[in-house]
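Here is how the chains run, residue by residue.
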Amino acid sequence: QLQLVESGGGLVQPGGSLRLSCAASGFTLDYYAIGWFRQAPGKEREGVSCISSSGGSTNYADSVKGRFTISRDNAKNTFFLQMNSLKPEDTAVYYCNSLPTFLNWGQGTQVTVSS
């Protein structure tokens, strides 16, 4: 019943943009802080960005500050990651999850930045 599903990934050229979505089912998302994570080939999963339950506080990894924007639409039980000025090093599988207690990790959505 408790599930988060990522979508919106794809292939994009360096400098391009993507908007990732994370849709919740089985629970009301507005009670939880949420975060985006990513895992590149051969590397461990790392945190990218997080947002408080109300949307009033956000945090970003240094590697994405100024390029990515996290947001949420509690009325639609969905949150987003707007990714601008993408770089090849952003290539990874992107995951969303609740904080501080994680649900099971889903399949994620693949983001590939390449010319």
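Cut-offs used in this document
- Residues numbered from 1 in each chain as written.
- Predicted model: local features only at pLDDT ≥ 70, side-chain atom pairs only at ≥ 80, totals over all residues.
- Heavy atoms only, no water.
- Helix = DSSP H or I, 4+ residues; strand = E, 2+ residues; numbered from the N terminus.
- Rg over C-alpha atoms; globule rule 2.2 N^0.38 Å.
- Buried < 20%, exposed > 50% of the residue type's maximum accessible area, 1.4 Å probe, protein only.
- Contact = heavy atoms within 4.5 Å.
- Areas by Shrake-Rupley, 256 points an atom, 1.4 Å probe, with all protein chains shown as cover.
- Lys, Arg positive; Asp, Glu negative; His and termini not counted.
- Charge placed at Lys NZ, Arg CZ, Asp CG, Glu CD.
- Pairing = 2+ DSSP bridges.
- Polar contact = N/O pair within 3.5 Å; in protein donor to acceptor, adjacent residues only side chain to side chain.
- Axes fitted to C-alpha atoms, helices over the stretch in contact; angles between N-to-C directions.

**Here's the deal with the overall build of the chain**
Working step 1: For the chain, the count of helices and strands is 0 helices and 10 strands.
Working step 2: Beginning at the N terminus, the succession of helices and strands in the chain can be written as β-β-β-β-β-β-β-β-β-β.
Working step 3: Over its C-alpha atoms the chain spans a radius of gyration of 13 Å, differing by no more than 12% from the 13 Å that the globule rule assigns to 115 residues.
Working step 4: Along the first, second and third principal axes, the C-alpha set of the chain runs to 40 × 25 × 20 Å.
Working step 5: Burial statistics for the chain: of 115 residues in total, 38% are counted as buried.
Working step 6: Restricting the contact set of the chain to residue pairs at least 6 apart, pairs at least 24 apart contribute 53%.
Working step 7: Of the roughly 6,200 Å² of accessible surface on the chain, a fraction of 47% belongs to carbon and sulfur atoms.
Working step 8: Taken together, the 9 basic and 8 acidic charged side chains of the chain have centroids lying 3 Å from each other.

**Section: the pairing of strand S7 (residues 68–73)**
Working step 1: The alternating pattern of S7 places Phe68, Ile70 and Arg72 on a buried face and Thr69, Ser71 and Asp73 on a face that is not buried.
Working step 2: Counting the residues in the hairpin turn of S7 and strand S8 (residues 78–83) gives 4 residues, including Asn77, whose phi is positive at 55°.

**A few points about the side chain of Asp90**
Working step 1: Relative to the helices and strands, Asp90 resides in the loop between S8 and strand S9 (92–99).
Working step 2: Looking at Asp90, its side chain comes within polar contact range of the side chain of Arg67, at 2.7 Å.
Working step 3: At 2.8 Å, the side chain of Asp90 and the backbone nitrogen of Lys87 are in polar contact.
Working step 4: Excluding residues within four positions of it along the chain, Asp90 makes contact with Arg38, Arg67, Phe68, Ser85, Val111 and Val113.

**A word on the sheet that holds S8**
Working step 1: One open sheet accounts for 4 strands, arranged S1-S3-S8-S7; its pairing is antiparallel. The outermost strands of the open sheet, each flanked by one partner alone, are strand S1 (3–7) and S7. Pairs of neighbouring strands in the sheet enclose a mean axial angle of 15°, with direction left out of account.
Working step 2: Taken together, the 6 bridges between S7 and S8 define a ladder with antiparallel strand orientation. Along S8, the bridge assignment pairs Ile70 with Leu81.

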